[in-house]
Amino acid sequence: MSATVIDGKAFAATVREKVASHVARLKAEHDITPGLAVVLVGEDPASQVYVRSKGKQTVEVGMNSVEHKLDAATSESDLLALIDQLNADPTVHGILVQLPLPDHLNEDLVINSIAPSKDVDGFHISNVGLLGTGQQSMVPCTPLGCLMMLRDHHGSISGLDAVVIGRSNIVGKPMAQLLLGDSCTVTIAHSRTKDLAETVRRADIVVAAVGRPEMVPGDWIKPGATVIDVGINRIDAPEKGPGKTRLVGDCHYESCAAVAGAITPVPGGVGPMTIACLLANTVTACCRANDLDPPEGLTA
Ligand code: GUN
C-alpha cells in the first residue's frame, strides 16, 4: 500500500483564501478590519522568523498587523502594561505573545493576562478549560490545523481509535480534546508509556507530537491508518554534503508511508497549517467580538 499524501501546503492556501474572502466581507458589509497584534520580546532568531512570517501572512489576507518588538530586558510590568493596552484596543481582535519568553518573565502569568476572547493561541487557562468542557473557546492553532486535515480526509472521524504521542499543553493535550470532541476513542501516549509500539498499532489515527526525529517506525502503524506528523526536527544530512542538514518529522516517513492509508509529509504537512489557523482564529475572534457568525469550517 502507498499512502495518500495529505498536502498541508495546499490545504493552508485554501484556509487563507477562506479567511481572505471573509475579511473582505467584513470590510464591505460591516466596515470592520480584523487586527492581530504580535508581541516579540528579545531577539531569538527562530522567533524573529516566525513573527515576520505571521505579520506578512496577516497582511496578505487583508487584516491589520501590529508588531511590538520589545527589548530582551523588558520588565514584566512593562510587558503586562502593553498587554492591558492591547486588551482594551477595539481595533485589536487577536493578541499573540511569541514564546519562548526570556527567563526573567513568567510565561503563565503573561499568557493569562491576555483577554481570553483575544487569545488566538488558545493558551489562556480559560480557553483550556472551555475546550476541555466542550464549550466555545479559542483553539490552539497546530491541533486545529490537524483536526481540519483529518476532517477533510475522513469526512467523519467519529468512533475511530486515535493515539496522540506527546502530552504538551500546546499540541498533545488540546489535540486529544479535539479528537474526543469529534467522538474518537483517544489515548495520550508519552515517553513513559509502557508498550508504545503496541499502543500505536491499535490506532486508526496517529498524531505524533514528541519532537524526536523519526521516532515512529512504519512497523508501529496499522495498515491503512492516518498518520499526522507534527514534528519538525532538523538533523544532519552528510549525504547532501559537509555541514548540510534536512528537516524530518517524528515519524520515519518512507516506512510509515508504505503502510499508512494517509500521511502528512515534513516539511509541507502540519507546519503550513499553523499560521493559516492563526489567521482563522483571528477572523473568528473578530466575528465573535462583533456578534457575527465566524466563517464555516475554520473553527473546531
Ligand atoms: N512559539 C513557537 N510556536 C508558537 C506558537 O504557536 N505560539 C506562540 N505564541 N509562540 C510560539
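Anything mentioned here points back to the structure above.
By nearness alone, every residue bordering the ligand is listed as L96, V97, Q98, L99, D121 and F123. V97 has a polar backbone atom sitting 2.8 Å from a nitrogen atom of the ligand. One nitrogen or oxygen atom from the side chain of D121 is found 2.6 Å from a nitrogen atom belonging to the ligand. For the ligand, the protein covers 78% of the area, taking 280 Å² as the surface of the free molecule. Broken down by class, the residue content of the shell around the ligand amounts to four nonpolar, one polar and one charged.

It is worth spelling out the packing of helix 1 (residues 8–30) against helix 10 (residues 271–289) at this point. It is at 9 Å that the axes of helix 1 and helix 10 come closest, and there the two elements cross at 20°. For the element pair helix 1 / helix 10, the angle class is roughly parallel. Crossing of helix 1 over helix 10 shows left-handed handedness. Side by side, helix 1 and helix 10 meet where G8, K9, F11, A12, V15, R16, V19, H22, V23 and L26 of the first sit next to P272, M273, A276, L279, A280, V283, C286 and C287 of the second. When grouped by side-chain class, the residues that make up the contact of helix 1 with helix 10 number 14 nonpolar, two polar and two charged.

Residue placement: K118 occurs in the loop between helix 4 (107–111) and helix 5 (125–132). Buried and unpaired, K118 has D89 as its nearest opposite-charge partner, separated by 6.0 Å. Setting aside chain neighbours within four positions, we find K118 in contact with L86, N87, A88, D89, V92, H93, G94 and I95.

This part covers the side chain of N233. Tracing the sequence through the fold places N233 in strand 9 (residues 233–236). Of note is the side chain of N233, whose polar atom sits 3.0 Å from the side chain of D250. Among residues more than four places away in sequence, those in contact with N233 are G211, R212, P213, R246, L247, V248, G249 and D250.

The next thing to look at is the nonpolar core. Formed by 53 residues in total, the largest nonpolar core has its most connected members in V15, V19 and L179. Every element with two or more residues in this core is listed here: helix 1, strand 2 (35–41), helix 6 (141–154), strand 5 (161–165), helix 7 (172–181), strand 7 (205–208) and helix 10. Per-element tally for this core: the top contributor is helix 10, with 10 residues. Other than its neighbours up to four places away in sequence, V15 contacts M148, M273, A276, A280 and L298. By size, the runner-up hydrophobic cluster in this structure holds 21 residues, among which are A3, I165, L196 and I221.

Pairing within the open sheet is parallel, and its six strands lie in the order 1-11-8-7-5-6. Each end of this open sheet is capped by a strand with a single partner; those strands are strand 1 (4–5) and strand 6 (185–189). Of the strand pairs in this sheet, strand 7 and strand 8 (residues 226–229) are connected by four bridges, and their pairing is parallel. Pairing of V206 across the sheet is with V227, part of strand 8. Contacts from helix 6 reach strand 1, strand 7, strand 8 and strand 11 (262–263), with the element oriented near 160° to strand 8.

Spatially, 3-2-4 is the arrangement adopted by the three strands of the open sheet, whose pairing is parallel. In the strand order of this sheet, the two ends are held by strand 3 (64–70) and strand 4 (94–97), each with one partner. Ignoring which end each strand starts from, the neighbouring axes of this sheet average 15° apart. Note: strand 2 against strand 4, four bridges, orientation parallel. Looking across to strand 4, one finds that L36 is bridged to G94. Contacts from helix 3 (residues 76–88) reach strand 2, strand 3 and strand 4 within the one sheet, and its direction differs from that of strand 2 by about 180°.

Parameters at a glance
Residues numbered from 1 in each chain as written. Predicted model: local features only at pLDDT ≥ 70, side-chain atom pairs only at ≥ 80, totals over all residues. Heavy atoms only, no water. Near = heavy atom within 4 Å. Polar contact = N/O pair within 3.5 Å; in protein donor to acceptor, adjacent residues only side chain to side chain. Areas by Shrake-Rupley, 256 points an atom, 1.4 Å probe, with all protein chains shown as cover. Nonpolar A, V, L, I, M, F, W, Y, C, P; charged D, E, K, R; others polar. Axes fitted to C-alpha atoms, helices over the stretch in contact; angles between N-to-C directions. Helix = DSSP H or I, 4+ residues; strand = E, 2+ residues; numbered from the N terminus. Parallel < 35°, antiparallel > 145°, perpendicular 65-115°, else oblique. Left-handed = near helix turned anticlockwise from the far one by under 90°. Contact = heavy atoms within 4.5 Å. Buried < 20%, exposed > 50% of the residue type's maximum accessible area, 1.4 Å probe, protein only. Lys, Arg positive; Asp, Glu negative; His and termini not counted. Salt bridge = Lys/Arg side-chain N within 4 Å of Asp/Glu carboxyl O. Core = buried A, V, L, I, M, F, W, Y, C linked by side-chain atoms within 4.5 Å. Pairing = 2+ DSSP bridges.

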